[in-house]
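Fold and geometry: a report
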Amino acid sequence: MSKLILVRHGQSEWNLANRFTGWWDVDLTDQGVAEARAAGQLLREKRLMPTVAYTSLQTRAIKTLHLALEACDRLWIPETKDWRLNERHYGGLTGLDKQQTREKHGEEQVHIWRRSFDVPPPDIEEGSEFDLSGDPRYAGIPVPRTESLKLTIERVLPYWESDILPRLSSGETVIISAHGNSLRALVKHLSGISDEEITGLEIPTGQPIVYEFGDNLRPAKERYYLKDA
Ligand SMILES: O=C(O)[C@H](O)COP(=O)(O)O
C-alpha cells in the first residue's frame, strides 16, 4: 500500500505578521523551522519514510521539506519543485494586513475571499511591488493576477494526475510540502469534499497528514494526522 504525506510549511514571517502572502516569497520564522524539524522527527518516530518529494517554488515550502527530510535522514531522496504546488495567488490582497482588511471591507467579505470556493480576490494591480511576473523563477509560466480555490484546483489537479499519482501507483511513499490552499485543493479532491464544505477546512502548519492508497489509486481510508496514528 503506497502512502501520501502532505505537510503545510511551518509558520512563515507573514503568517506571524498576519499579512496575505500567496505567491510572495517569505521565509520561515524560528517557530516555523522548529515545526518543520518536528514534522521530520515525527516521520522518523512513526517509521513513515518518504521515498520521493514534491514541493513548490516558494522558499517556505522548500525549506520545510528540507528541514523535515534532514530530521528523518532522507535529504537524499529525489525532489521536484513545481509552480503548480504554489500557494493560491492572493491578487490585490497580497501584502495587506488581514485584520486591517477586515476593518476596511468587513469580516464577511474577507472570509469570502479567504475561504470561498470560487470568488477570487481582486486582481493584483499592474506594476504592484508584489507583481512576480518578472521573477526569473517564473520565466515561461503564466503568473496569475489572482486565484480562487477553484482556479488553484485547476492547476494543482492536472499536475497531481500527471506527475504525482503515477509515483504512488509504483509504490513510492510520496511527501508533498506545500501551502494552506494548494493543499486544500488536493484534500478537497482526495476526500471528496463539496464546494460548500471546503469553506470550513483549515490545514495547520507543519502537521503531516497521511493518505493510504489502495490498488485502484484511490485513498483506501480517510486521511489522518500522523501525530494521531
Ligand atoms: O497566503 C497566505 O496568506 C497564507 O498562506 C494562507 O492564508 P489564508 O489562511 O488567508 O488562506
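Here is what the cut-offs are and how they apply
Residues numbered from 1 in each chain as written. Predicted model: local features only at pLDDT ≥ 70, side-chain atom pairs only at ≥ 80, totals over all residues. Near = placed C-beta within 6 Å. Nonpolar A, V, L, I, M, F, W, Y, C, P; charged D, E, K, R; others polar. UniProt positions renumbered as here; feature names shortened; annotations may be inferred. Helix = DSSP H or I, 4+ residues; strand = E, 2+ residues; numbered from the N terminus. Buried ≥ 20, exposed ≤ 12 C-beta atoms within 10 Å, placed from the backbone. Contact = placed C-beta atoms within 7 Å. Core = buried A, V, L, I, M, F, W, Y, C linked by C-beta atoms within 7 Å. Pairing = 2+ DSSP bridges. Axes fitted to C-alpha atoms, helices over the stretch in contact; angles between N-to-C directions. Parallel < 35°, antiparallel > 145°, perpendicular 65-115°, else oblique. Left-handed = near helix turned anticlockwise from the far one by under 90°.

**What about the site of the ligand?**
Close to the ligand lie F20, T21, G22, E87, Y90, R114, H179, G180 and N181, which account for all nearby residues. Among the residues forming the shell around the ligand, the class breakdown is two nonpolar, five polar and two charged.

**Quick notes on the UniProt feature "site: Transition state stabilizer" (unreviewed entry) in the protein**
Mapped onto this numbering, the UniProt entry gives "site: Transition state stabilizer" (unreviewed entry) at H179. Residue placement: H179 occurs in the loop between β4 (173-178) and α7 (180-190). Assessed through the 27 C-beta atoms surrounding it within 10 Å, H179 is described here as buried. The contacts of H179, once residues within four sequence positions are left out, are R8, H9, S56, A61, N86 and E87.

**Looking at the nonpolar core**
Ranked by internal contacts, the top residues of the largest apolar core, which has 34 residues, are L4, I5, L6, A68, V174 and I176. Within the residue set of this core, elements represented by two or more residues are β1 (2-8), α2 (30-45), β2 (52-55), α3 (59-71), α6 (149-169), β4, α7 and β5 (209-213). Beyond its immediate stretch of four places on either side in the chain, A68 contacts V7, A36, A39, G40, L43 and S177. The next biggest cluster of nonpolar side chains, apart from the first, holds five residues, and it includes Y90, L93, V110 and W113.

**Observations concerning the sheet that holds β5**
Reading across from one edge, β3-β2-β4-β1-β5-β6 is the order of the six strands in this open sheet, with mixed pairing throughout. Two strands close off the open sheet at either side, each with one partner strand: β3 (79-81) and β6 (224-225). With three bridges connecting them, β2 and β3 associate as parallel partners. What sits directly across from Y54, in β3, is T80.

**Observations regarding unusual backbone geometry**
At D73, a residue that is not glycine, the phi angle is positive and equals roughly 65 degrees. Inspection of the secondary structure assignment puts D73 in the loop between α3 and β3. On the neighbour-count criterion, D73 (11 C-beta atoms within 10 Å) is exposed. One non-glycine residue, L217, lies in positive phi territory at about 60 degrees. Residue position: L217 is located in the loop between β5 and β6.

**Observations regarding the packing of α2 against α3**
Between two packed helices, both the angle of their axes relative to each other and the distance between the axes serve to describe the pair. In the contact formed by α2 and α3, the axes pass within 7 Å of each other and the chain directions differ by 40 degrees. One finds that α2 runs oblique with respect to α3. In this structure, the crossing between α2 and α3 has a hand that is right-handed. Residues V33, A36, R37, A39, G40, Q41, L43 and R44 of α2 form the contact with α3, whose participating residues are K63, T64, L67, A68, L69, E70 and A71. Here the contact of α2 with α3 is composed, by residue class, of eight nonpolar, three polar and four charged.

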